[in-house]
Amino acid sequence: MKLIKQSFEITNQEDFTLVGIKKHIEKCARVCYKSEDKITDDSYEKFVDNLIKRGHGRCLEFGTVYLKYFWSGRVCDSCNQTWPDKMDKYYINKYSVVRRHGNDIYITTNYRVIIENGWEDDLKYLCEPTEYHAKRYTVHFITNRAIMDEFRTHVSLSHLAESTRYCNYSKDKFDNQITFIQPSWIILDKEIAPINELCLLSGQYDRENPNLRYLASLVDANYAYVSLLNKGWTPQQARDVLPLSVKSELISCGFEDAWANFFYRRCANDAHPMARELAIPLREEFLNRKYILKLI
């Protein structure tokens, strides 16, 4: 087994052409199956087409679409709001944000909204994000299963997670072992670090030491998982012996207000310490990059 610390990386979409949208969708979606090694220069086309055919709309949410539309009609005198005939559908779509500056309409939405509503014709208004567009941000978390499940309760964000159902951790691509996340309250001091897996698996260690007791449970889970696979169980069956400490990758994407709520909940003093370990430095990074100008 392997023990690592949790981490995060901001992995925003950088190309806002249709090709860039699809490439970002593929990059995020392949985290679920840990098949990033299959990405090529043109693999995005077939990959995204297959997602659409199989109805995997959640993955499509990670493709951010920025549209700019010039409206030449009249502004309502009473509410100062514009309702362009062709684009008013985005005003009432809860997954889109529409802003107006003069007669220019700035729309931020996602590729799932476009595909599932049959609005592909609107892609002719694709543009680079401007100061008037609402922005969406993507973060790649590496954490344990427990914290990942907590983060996924933020339903205003879109989430994609590494699948223990399909990933076979006994394969070479995973170094033939399970990776676990080191809890923030465990310190691997000089007395613990040299203890080998055989000692832990055979029970030849100080059972009164809670850190060693914890590590032994991970070694046992790793051994049980691989053994069950060798006996013919599938990954979705063998995963039942995995503890909450198993390494889990999570991709989350959403608008500024969704992230502000995330930080309000996960940076709070009563939040789980490992959630705070990720959320607090991530909040600082968001503030430094001016992704968020105000917090809840």
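Residues numbered from 1 in each chain as written. Predicted model: local features only at pLDDT ≥ 70, side-chain atom pairs only at ≥ 80, totals over all residues. Heavy atoms only, no water.

### Observations concerning unusual backbone geometry
- Notably, lysine 34 is not glycine yet its phi reads approximately 50 degrees, a positive angle.
- Mapped onto the elements of the fold, lysine 34 is located in the loop between α1 (18-29) and α2 (43-53). (Helix = DSSP H or I, 4+ residues; strand = E, 2+ residues; numbered from the N terminus.)

### A look at the pattern of salt bridges
- One pass over the full model with this rule turns up 16 salt bridges.
- Salt-bridge contacts for lysine 2 lead to aspartate 175; the nearest nitrogen and oxygen are separated by 3.1 Å. Note that lysine 2 is positioned in strand β1 (residues 2-4) and aspartate 175 in the loop between β7 (158-161) and β8 (179-181), a separation of 173 residues in sequence.
- Lysine 22 serves as the salt-bridge partner of glutamate 45, at 2.7 Å between the closest nitrogen and oxygen. Here glutamate 45 is found in helix α2, whereas its partner lysine 22 is found in helix α1, with 23 residues between them in sequence. (Salt bridge = Lys/Arg side-chain N within 4 Å of Asp/Glu carboxyl O.)

### What to know about the packing of α1 against α2
- Direction vectors running N to C along α1 and α2 enclose 70 degrees, while the axes themselves pass 9 Å from each other. In terms of their interaxial angle, α1 and α2 are classed as roughly perpendicular. Between α1 and α2, the residues in contact are Val19, Lys22, Lys23, Ile25, Glu26 and Ala29 and Ser43, Tyr44, Glu45, Phe47, Val48 and Leu51, respectively.
- Its residues assigned to classes, the contact of α1 with α2 comprises 7 nonpolar, 1 polar and 4 charged. (Axes fitted to C-alpha atoms, helices over the stretch in contact; angles between N-to-C directions. Parallel < 35°, antiparallel > 145°, perpendicular 65-115°, else oblique. Contact = heavy atoms within 4.5 Å. Nonpolar A, V, L, I, M, F, W, Y, C, P; charged D, E, K, R; others polar.)

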